[in-house]
Amino acid sequence: MKSILEPQIPKGTRDFLPSDMVKRDYVLKKMKSVFVNYGYDAIETPALEYAKTILEKYGDEGAKLTYTFKDHGGRLLALRYDQTVPFARFVAANFHDLPMPFKRYQISPVWRADKPARGRYREFYQCDVDIVGTDSLLAEGEIVRLMADVFQALNFKQFVIKFNSRRLMNNVLSRLDIPRETQVSVIRILDKLEKIGKDDVLQLLKELLSAKTAELLLESVSLTGTNEEKMKWLKKDLPPEISEFLTICNQFGVPQEALVFEPSLARGLDYYTGLVFEASVPGINLGPVCAGGRYDDLCSTFSPEKISGVGVAFGFDRIMLAMEELMMLVGIRLNSQVLVTYFEETLEHSLKIVNDLREAGIASELYFQPDRLSKQMKYADKKGIPFVILCGPDEAAKGEAVIKVMKIGKQKTIPQNQLSLYLMGYHES
Amino acid sequence: MKPTNPLRIAVQSNGRLSEPSREYLRSLGLQFNLNGRTLITPCENYKLDILHLRDDDIPEYVSREVADFGIVGENVVREKESRVRIVKRLGFGFCKLVIAVPEGSPIQSVNDLEGERIATTYPHVLAGFFRENRINAAIIPIEGSVEIAPSLNLADAICDLTQTGKTLKENHLVPLMTIMESEAVLIESMISRHEKLEFLKL
């Protein structure tokens, strides 16, 4: 007897059904259209890299989460862990062929051997936008305007873009004489401020610093008030880029109410050197949906060229979750907008109708079998197809067809050559 | 001929608002001589050029600041959805945008429009009306002679401008409802200039 294999997928991975994919495609398409509108081009890098390319950068923690294996020739390979390291390798490898500054976006799956949880998968999508080869602050301004445009294009009513400067953080840390070797740990703790609150952060800081220093530090970075008030308060430590950046954002038309100066924001990763950003959606308990910043030396591992850049990563799966929770993805249909039913005697009319609709750019499909009409209707219903067209012998004889609008249950008989006009002009309220 | 004055106003070159628009400008004390087919008329006693344009183009010209002001039907302003400001309603060029159906049509109320075909030269205004009234229907955009659409089985109803209702009647159409009351309006671009403020004091 033939044995049947259980149709299962590895832990932390997902199948996407058509009803999932139309939503994902809808969101991706909107995001991509903003990137393209800003003149960014797409690149791709292989899912597989040499393990040493990837492992070098992340240290022990990253190495534990990287999927590695030996190929048939005994070479040690790794699955892409993020898009930043492959991008650095890509820029180093193609440096002489790339126009500088180089603007690219990249959307691809990455793999991490992490413990799966809500919103955390072993295979998930990253969506990165970077400008490299310039240290102009205009690049920061453009990236932030692009972030705002993405959220607006996706119809988020509210979003907050927090920003800070690593230079400000460094100035504060040096003023308080916090030694270099503890700075990285201190920054990691400050990053948790929003998550765990002031008291717990102070507790953790006191393990590394004197009580007085810890309190002074926390007081310096956990400010409330307007951007200007915070800037005034930090005047002594403030690097000039903060106000220059705000001026540029203003000229770029970034909605001012969405921009929040957050002096405690650090973005843990130590390769950020200048401004850092983090965007979130109020009312959704998900953490940031987009984050990034300025780095001074993207390719140090792969190239003697010192390449500065600024970029952000959109958390595509988090954005999908947020939009689902806020009911922003209801009413998105599968691709077919029209089902042309099957009538044995008038099949050639049905074929002509479906051809004409497709030519007019209306996504349509033909029912393939001589089933009862009720069964054909049920199929349209199950796929959520909004229009059904019937052309029986009576209609065919007069060059007409019946169009049924499924949502309102109304049927109309109109000339076949006007079906596409009707469908293109149809206004759904 | 090139415009030479610092201020420009666009008016309809040839249509139902042309003559009343010129009369309105004269009523402000402006003097000008219409010279045959010239499309730009300078005022003799004010630093203003009058541009004679197709009315459909006026909102766009004003929003792009090619002209500082324009005189045009409110119906056109609404349909073009251009970024302009309505300064004032001018009290002439009254008309209505109505939905009309053939005599004896089963369509007798707004809700009967559900799923039907409505031919119009005002697809944006009509779509807004449908949105507000939660009507699902097919808008058939055509450029002119809308009244003929039902008799050609191109549409079940029409949405068109009417002043006296005469054309509707001649085509055996009955008005069902008015979706917009319109008159000529003075519009201006969104930027402010002191020359504009001076003109508005006339």
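Residues numbered from 1 in each chain as written. Chains lettered and ligands numbered in written order. Predicted model: local features only at pLDDT ≥ 70, side-chain atom pairs only at ≥ 80, totals over all residues.

### Concerning the overall build of chain B
Inclusion rule: We count a stretch as a helix when DSSP gives it H or I for four or more residues in a row; a strand needs E for two or more, and each element gets its number in order from the N terminus. Put simply, a residue is buried when 20 or more other C-beta atoms lie within 10 Å of its own C-beta and exposed when 12 or fewer do; between those, it is partly exposed, and each C-beta is set from the backbone. Contact between two residues is assigned whenever their backbone-derived C-beta positions fall within 7 Å.
Each helix and strand counted, chain B has 6 helices and 11 strands in total. Principal axes of the C-alpha set define a box for chain B whose edges measure 60 × 30 × 25 Å. Within chain B, the proportion of its 202 residues that are buried is 37%. The long-range fraction of contacts in chain B, counting pairs at least 24 apart against all pairs at least 6 apart in sequence, stands at 65%.

### Topic: the overall build of chain A
The line we're drawing: Each radius of gyration reported is based on C-alpha atoms, and the globular scaling rule is 2.2 Å times the count of residues to the power 0.38.
Counting secondary structure elements, chain A contains 16 helices and 17 strands. Computed over its C-alpha atoms, the radius of gyration of chain A comes to 28 Å, more than 25% above the 22 Å expected for a compact globule of 429 residues. Seen through its C-alpha atoms, chain A measures out along the principal axes to roughly 90 × 60 × 45 Å. Long-range contacts, defined here as pairs at least 24 residues apart, represent 66% of the contacts in chain A between residues at least 6 apart.

### Overview of the domain arrangement of chain B
Residue and element names in this part refer to chain B. To be explicit about the condition: These domain limits were set by an automatic method or by a database of domain assignments. Only Asp, Glu, Lys and Arg are considered charged, only Ala, Val, Leu, Ile, Met, Phe, Trp, Tyr, Cys and Pro nonpolar, and every remaining residue, Gly among them, polar.
The assigned domain composition of chain B is domain 1 (7-93 + 183-200) and domain 2 (95-182). Here domain 1 and domain 2 have C-alpha centroids that lie 29 Å from each other. Each side of the interface is counted separately: domain 1 has 8 residues, and domain 2 has 8 residues. Ranked by the residues each element gives to the side of domain 1 that touches domain 2, the list is headed by helix α3 (residues 74-80), at 4 residues. A breakdown of the residues in the side of domain 1 that touches domain 2 according to their chemical character gives no nonpolar, 3 polar and 5 charged.

### Notes on the domain arrangement of chain A
Each assigned domain of chain A is listed with its residue range as follows: domain 1 (26-34 + 96-325) and domain 2 (338-425). Relative placement of domain 1 of chain A and domain 2 of chain A: their C-alpha centres are 52 Å apart.

### As for the sheet that holds strand β2 (residues 40-42) of chain B
Strand pairing in a sheet is mediated by backbone hydrogen bonds. Such pairs are either parallel or antiparallel. Residues and elements named next belong to chain B. Keep this limit in mind: Note on pairing: two strands pair once DSSP finds at least 2 bridges between them. Axes here mean lines fitted to C-alpha atoms, for a helix over just the part in contact, with angles spanning 0 to 180 degrees between N-to-C directions.
Spatial strand order, β2-β3-β1-β4-β11-β5: 6 strands in an open sheet with mixed pairing. Among the strands making up the open sheet, the edge pair consists of β2 and β5 (85-89). Going from strand to strand, the sheet's axes swing by 25 degrees on average, the running direction of each strand aside. For β5 and strand β11 (residues 184-188), the ladder comprises 4 bridges, and the chain directions are antiparallel. Bridge pairing links R89 to V185 in β11. Sheet contacts for helix α1 (residues 18-27): β1 (7-12), β3 (48-53), β4 (69-73) and β11; angle to β1, the most-contacted strand, approximately 145 degrees.

### Description of the interface of chain A and chain B
With 14 residues of chain A at the contact, the number on the chain B side is 16 residues. For the side of chain A that touches chain B, the elements supplying multiple residues, two or more each, are β16 (410-415), α16 (419-425) and β17 (426-427) of chain A. Residue classes in the side of chain A that touches chain B are distributed as 6 nonpolar, 4 polar and 4 charged.

### Remarks on the confidence of the model for chain B
Low-confidence regions, as indicated by low pLDDT, have predicted coordinates that should not be scrutinised in detail. As a reminder of what qualifies: pLDDT is a residue-level measure of predictor confidence that goes from 0 to 100.
Taken as a whole, chain B shows an average pLDDT of 93; of its residues, 100% reach a score of 70 or greater. Across the interface, the model reports ipTM at 0.88; the global pTM reads 0.88.

### Here we look at the pairing of strand β9 (residues 272-280) of chain A
Residues and elements named next belong to chain A. By the criterion of burial, β9 is predominantly enclosed, with 8 of the 9 residues buried. Pairing between strand β7 (residues 160-165) and β9: 6 bridges, direction antiparallel. Along β9, the bridge assignment pairs K162 with E278.

### Brief notes about the confidence of the model for chain A
Per-residue pLDDT for chain A averages 92, and the proportion of residues at 70 or more is 99%. Model confidence for chain A, summarised as mean pLDDT per element, is weakest for helix α2 (residues 51-65) of chain A at 80 and strongest for strand β12 (residues 338-340) of chain A at 98.

### Considerations on the environment of E228(A)
Among the structural elements, E228(A) can be located in helix α10 (residues 227-233). Sequence-wise, E228(A) and S243(A) are 15 residues apart; in three dimensions their C-alpha atoms are separated by 9.2 Å.

### A look at the environment of K30(A)
Relative to the helices and strands, K30(A) is located in helix α1 (residues 18-37). For K30(A) and V150(A), which are 120 residues apart along the polypeptide, the C-alpha to C-alpha distance reads 7.5 Å.

### As for helix α9 (residues 211-221) of chain A
All names here are of chain A. Here is the rule: Note: the arc covers the axis-to-C-beta directions of the helix.
Among all positions of α9, only A214, L217, L218, S220 and V221 are buried. Projected down its long axis, α9 carries its buried residues within an arc of 160 degrees, all on one side. Along α9, the residues that are exposed and aim more than 90 degrees away from the buried face are A211, K212 and E219. Where α9 is buried, its residues meet α5 (166-175), α6 (180-190) and α8 (198-208).

### Some remarks on unusual backbone geometry
Glycine aside, the phi torsion of most residues is negative, and most peptide linkages are trans. Residue P101(A) is reached from M100(A) by a cis peptide bond, and omega for that bond is 0 degrees. Mapped onto the elements, P101(A) comes out in the loop between α3 (84-93) and β5 (102-111). In the Ramachandran plot, M327(A) falls in the positive-phi region, its phi being about 60 degrees despite a non-glycine side chain. Its location among the elements puts M327(A) in the loop between α12 (316-325) and β12. Classification of M327(A) as exposed rests on a count of 8 C-beta atoms within 10 Å. At R134(B), a residue that is not glycine, the phi angle is positive and equals roughly 50 degrees. On the secondary structure map, R134(B) appears in the loop between α4 (123-133) and β8 (137-141). Residue classification places R134(B) among the exposed residues on the basis of 10 C-beta atoms within 10 Å.

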